[in-house]
Structure formats: structure tokens, C-alpha cells
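The primary structure of each chain is shown beneath.
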Amino acid sequence: MIARRLFLATVVAVGLSASPAFAETLTVGANVGNVPWEFQDQSGEITGFEVELVKEVASRLGYDGADIQNIPFNGLFSAVQSGRIDVAVSSITITEERLKSVSFAQPYYDSDQSLAAKADAGIASSADLEGKTVGVDTGSTGDMYATEREKDWGLSEIRRYEGLNPAMLDLQAGRIDGYVSDIPAVAYYLKDKPAMKVVERLATGEQYSMMFAKDAELATKVNGVLDTLKDEGFIAKLHEKWFGTVPEATTSTVEKRPMPTPKS
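All figures in this text were calculated on a predicted structure; none of them were measured in a lab.

Let us look at helix α2 (residues 49-60). With 12 residues, α2 should reach 16 Å at 1.5 Å per residue; the first-to-last C-alpha distance of 17 Å fits that figure. Here α2 has its buried residues at F49, E50, V51, L53, V54, V57 and A58. Immediately downstream of α2, the backbone of G62 shows phi near 95°, a positive value.

Encoded structure:
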């Protein structure tokens, strides 16, 4: 009887200790409102290119789901570094500076920056920004790009926002003259808003990926899953769904790429 009780107690203990492994959720940080990557649809559901992608990655790794937490873009870096979240998405550009403090899986989207303005503002390019106010997303590569060119452009002010929506509302209202941000998100947002338009594509050669704590084992695992999803054409189909075009075969959406590592 004693042996039987000990056996049952062991079985219960093992079952309790094992249960979290069968109910583990991938915690994902995202700047929700970043169309078409992660945003709320009309029903309030968080959706988008990267939301679908990270949920598929979570499924392939055996997680029971992905918990999307809305975090301002600039807060995503400290969130992964502190372990508050497992991974961050939000059209995050891989940069040499960022690779010093965080890790990325391989890229899955090639991009540039853009300058948007009101269609009747008389701004045809960045050469027309003398004395103007430009909006950017705080801490983004668009912020870095505009800041580096603030004097060359002759800007009167750079105004920083926590996401695309508030910046676009200010642009539409005339509170800023231009907005510098990632071209796919801006073009997607403006496709049914003829009063505003992308007036210049700013070539930066950026690539987006998922971000992790520095040297996190999860980054390597996700990198392997992205290899598989590219082989299967899953990411290419997401591109076609969200952007309406088949990605070029030479882009990182289709081609498998090595996991980024710091050069120095």
C-alpha cells in the first residue's frame, strides 16, 4: 500500500511539473497599429503579416499559441533584453548597432524609408523640406535617417511619435509637413487616402526580422523555422496576401539567408 501511494504521488508530481511544457505560450511584443504588419481589424482582433508569421512560427516550435502584447516601438528593445517578452516584431530593421545588444533571426522583408506629405502641400521630395516639420517614429530607423539629415534638409523640427497612426493624423491635419517611415507600412496606409501620398522613396536597403535577447537560443530555433517556411513558400504567400503582389525571387522574403551576426 505504501509503495502504491509513493508511485501515485510520483505520477502526480511528474504530471504537475510537466504541464507547463504542454501549455507554453510564446510571448510576443508588437507595436500594434503598424499596418500591415500588426494592427487591430474591425472586430478588434490583432492581425497582420507579422502576426500571422509569428503565430505560424510558434506553432511549428510546439507552442500552444502566441500572446501578442502591445508595446511602443522604442520599448520593444528593453522588453526582449529584460526577458519580459520572448520575441519582438514590428517591421524591425536589422542594424549593426542593434546587433551589439540583441539578436535577430534571418530577414524576411526588404525595405526602404519613405517621405510622405499631403498631396497639395507642394512637397515633391526631401529637397523641399527647408523650414518644415517632419514626423518620425521614436527610435526607428526613420528617426535615425531624418536626424542624420536634419541640417542638410534644413528642418525646423523633428517631431517624434509612438506609431504611424498619430503621425498620419497630424500630417493630415497639417500639424507636421512630412512623415519619414518604412515605405511598406506608409504605402499600405495611404492606398485609400488620396489627400496624402508617398512623395519620395528613400533608399536605405533595410531588412526586417524578429528580434530576441542577445544570443537567445530561441533566435536560432526560429531561424531554422524561417528556412522551412521559405522553402514551403509560406512567407511568399503572406506577402501576396498583404501586399497584393508576388515577391521577387531574389528578395529575403523568398531566399533563405544566414542568421545575422555582428561584423565587429
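Turning to the environment of K193, a few remarks are in order. Tracing the backbone shows K193 in the loop between α7 (183-190) and β11 (196-213). Remark: the alpha-carbon pair of K193 and G48, spanning 145 residues in sequence, is separated by 20 Å. A polar contact of 3.1 Å, which involves the side chain of K193, links it to the side chain of D192.

This part is about the packing of aromatic side chains. In the structure shown here, the tally under the stated rule is 11 aromatic pairs. Pairing W37 with Y208 gives two aromatic rings, centres 5.4 Å apart and planes at 85°, and the pair type is edge-to-face. With W37 in the loop between β1 (26-30) and β2 (39-40) and Y208 in strand β11, this pair connects stretches of sequence that are 171 residues apart. Just as W37 is buried, Y208 falls in that class too. Members of the aromatic cluster, connected to one another through ring pairs, are W37, F49, Y108, Y109, Y208 and F243.

Calculation rules
Residues numbered from 1 in each chain as written. Predicted model: local features only at pLDDT ≥ 70, side-chain atom pairs only at ≥ 80, totals over all residues. Heavy atoms only, no water. Helix = DSSP H or I, 4+ residues; strand = E, 2+ residues; numbered from the N terminus. Expected span 1.5 Å × (residues − 1). Buried < 20%, exposed > 50% of the residue type's maximum accessible area, 1.4 Å probe, protein only. Polar contact = N/O pair within 3.5 Å; in protein donor to acceptor, adjacent residues only side chain to side chain. Phe/Tyr/Trp six-rings, centres within 6.5 Å; stacked < 30°, edge-to-face > 60°.

Bear in mind that shape data such as this cannot, by itself, settle questions of function.
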